[in-house]
Amino acid sequence: MTHEAPTLAGRLSQLVQVPTVTPLDGGPLTTSTAQVFDDFHALLRELYPTVFAAAEVTPVGRAGLLLRLGGTGDGRGVTALGPVLLMAHQDVVPAPAEGWEAAGWSHPPFAGVVEDGEDGLTVYGRGTLDDKGALLVLLEAVEDLLASGWTPNQDLYVELGGDEESDGPSAVAAIAELERRGVKPVLVVDEGGAVTTGLVPGLTKQVAVVGVAEKGVVNLEVSVSADPRKPAHSSTPPRRSPTAGLGRALAALERHPHPSALDDIAVRMFTELAPYVPGPLSALLARSDQLRPVLAKVFPYVGAEMAAMVRTTTAATMLTGSAAPNVLAAKASAIVNMRVATSSTLAEAIHHVEKVVTRAVGSALAVDVRVLEGHEPTPVSPFDERWDAIRTAVAASYPGALTVPYTMLGASDARHAARIAPAVYRFSPLYMSSAQRASVHGVDERVTADSLVKGVRFYRVLLSGIA
Ligand SMILES: [Zn+2]
């Protein structure tokens, strides 16, 4: 196997050209979608023959694959402790196959165009960053190691999800299968953070941000209803209507956000960045542990991302009420999507909403807060030899880059793994500029071939060091 940039770019281009657009519901795949994933699996087998010859392959969920590479069991290094699980997903979010130019793409999203531009050789297309680029570098590294005669000392599992983007069942099924087999991975790596720049003003170094926890998610239905014994008509409206009551409730949620706090993960991130940040900000970040209360108060005013970092967030999304212009709603409701801080719990977050909306609506109307679905924030992964192994692999592949932890604000497949594994790190070893980060789920998604070369090195070093 060669890991030269043009070869890797060419292989990623091939992966992009199979449009594995995520199935949106939890039901069975349509015949045509199943065919696309079959084609993708065939391509993976063709590109990574050694991996697929050596692995025991189990289909999981919809289009997911769970690979097991048996270990020699001679227990060297960190994973004398147990098996390793590496995850990446095959599916991608939709992109316009027609009208892509009008949508702002420079190239057709599923053409896998490779272009030599100002950032060097670059692969364009849906999935290049999320998550086919990461899937490629992972499989390249394993293929290469196996071909050179390497075998893992403990079992190595590779889970290739089929429906991460639609929060589908394949990762759940894979974890359930591992649970059934009694497998307890000592280390899990899945998508999440990346190598980036411009994280903090004035910081010029590259920074590998590695997700060590994920916020919880819960959807609530907040409903406000009128007394059904007192029907009202829109020509004679009552002083307090459910629709306006709901409006007051939602406005109150904006006015009374959840309390903010700077957690240990953020403190660790800032103190590690501090020495490389110029000017007075450096001293401030270096003291972030002592300054927790102040920073927690200031951050929400800096921007939405900083606010989300220090507190549980609430966002009103879907609204329902009256069905006609002249009909008063007997009940008005909203879905409130919450992202729960790792230092909090679902119960605490829900209690806050109940308290705020009940007070805002008043006693003339009935308020109901119903929990639709949710999951708790994940535990925080340890900063032990496993964290050091990640850090070593980053240093070997992105020389000079810093490695810092962060909390993932969104939800990923990795949260399912957190149930059976204490150490889950969410990180794609790819460089993403801020423009590239914006291209994930957006327009002109692209990755440089140089970053693919480095990504392969990351997994090679990680695996040869630990597995
Ligand atoms: Zn993804």
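Our subject is the structure that appears above.
Residues numbered from 1 in each chain as written. Predicted model: local features only at pLDDT ≥ 70, side-chain atom pairs only at ≥ 80, totals over all residues. Heavy atoms only, no water.

Looking now at the overall build of the protein chain. Counting its secondary structure elements, the protein chain contains 15 helices and 15 strands. For the protein chain, whose C-alpha radius of gyration is 24 Å, the value lies close to the compact-globule estimate of 23 Å for 467 residues. The C-alpha extent of the protein chain, read off along each of the three principal axes, is 80 × 60 × 50 Å. Among the 467 residues that make up the protein chain, the fraction classed as buried is 52%. For the protein chain, the share of sequence-separated contacts (at least 6 apart) that also reach a separation of at least 24 residues comes to 80%. Each charge class in the protein chain can be summarised by its mean position, and for the 38 positive and 50 negative side chains these summaries are 10 Å apart. (Helix = DSSP H or I, 4+ residues; strand = E, 2+ residues; numbered from the N terminus. Rg over C-alpha atoms; globule rule 2.2 N^0.38 Å. Buried < 20%, exposed > 50% of the residue type's maximum accessible area, 1.4 Å probe, protein only. Contact = heavy atoms within 4.5 Å. Lys, Arg positive; Asp, Glu negative; His and termini not counted. Charge placed at Lys NZ, Arg CZ, Asp CG, Glu CD.)

Geometrically, a metal with four donors at the corners of a regular tetrahedron has ideal angles of 109.5 degrees, and one with six donors at the corners of a regular octahedron has ideal angles of 90 or 180 degrees. Coordination of the zinc ion by the protein is provided by His89 (NE2), Asp130 (OD), Glu191 (OE) and Glu191 (OE), with metal-donor distances spanning 1.9 to 2.6 Å. In this structure, the zinc ion is surrounded by four donor atoms whose angles at the metal cover 54 to 151 degrees, and the resulting shape is irregular. Read from N- to C-terminus, the donor residues coordinating the zinc ion fall into the pattern H-x40-D-x60-E. Placement of Asp130 in the loop between strand E5 (120-124) and helix H4 (132-147) and of Glu191 in strand E7 (residues 187-196) is noted, with a sequence separation of 61 residues between them. Judged by relative accessible area, which is 8%, Asp130 ranks as buried. (Donors = N, O, S within 2.8 Å, 3.2 Å for Na, K, Ca; no water. Tetrahedral: all angles 85-135°; square planar, octahedral: opposite > 155°, others 65-115°.)

Taken in spatial order, the three strands of this open sheet run E4-E5-E15, and their pairing is antiparallel. Strand pairing shows two members of the sheet lacking a second neighbour, strand E4 (114-117) and strand E15 (446-448), which therefore form its edges. Across the sheet, the mean angle from the axis of one strand to that of its neighbour is 30 degrees, orientation sign disregarded. When E4 meets E5, the two strands line up antiparallel, connected through four bridges. By the bridge assignment, Asp116 is partnered in E5 with Leu121. In the packing of helix H1 (residues 5-16) onto the sheet, contacts are made with E4, E5 and E15, and the angle to E5 comes to roughly 10 degrees. Running at roughly 70 degrees to E15, helix H15 (residues 449-466) makes contact with E5 and E15 of the sheet. (Pairing = 2+ DSSP bridges. Axes fitted to C-alpha atoms, helices over the stretch in contact; angles between N-to-C directions.)

One can find Thr236 in the loop between strand E9 (216-225) and helix H6 (242-255). Placed 94 residues apart in sequence, Thr236 and Ala330 show a C-alpha to C-alpha distance of 14 Å.

Relative to the assigned elements, Ser439 resides in helix H14 (residues 434-439). Residue classification places Ser439 among the buried residues on the basis of a relative accessible area of 1%. Setting aside chain neighbours within four positions, we find Ser439 in contact with Arg126, Leu129, Asp444, Glu445 and Arg446.

This part covers the packing of aromatic side chains. Aromatic ring pairs are defined here through the distance separating the ring centres and the angle between the ring planes. Applying the stated criterion across every chain, the model contains five aromatic pairs. Ring geometry for Phe270 against Phe299: centres 5.6 Å apart, planes inclined by 75 degrees, an arrangement best described as edge-to-face. In this pair, Phe270 is assigned in helix H7 (residues 264-273) and Phe299 in helix H9 (residues 292-302), connecting sequence segments 29 residues apart. Note on Phe458 and Tyr459: the rings are 5.2 Å apart at their centroids and 80 degrees apart in plane angle, and the pair reads as edge-to-face. Owing to a relative accessible area of 2%, Tyr459 belongs among the buried residues under this scheme. Site record: aromatic cluster; members linked through ring pairs are Phe383, Trp387 and Tyr425. Sitting above the plane of the Phe383 ring, Arg268 keeps its charged end 3.9 Å from the centroid. (Phe/Tyr/Trp six-rings, centres within 6.5 Å; stacked < 30°, edge-to-face > 60°. Lys NZ or Arg CZ within 6 Å of the ring centre and 35° of its normal.)

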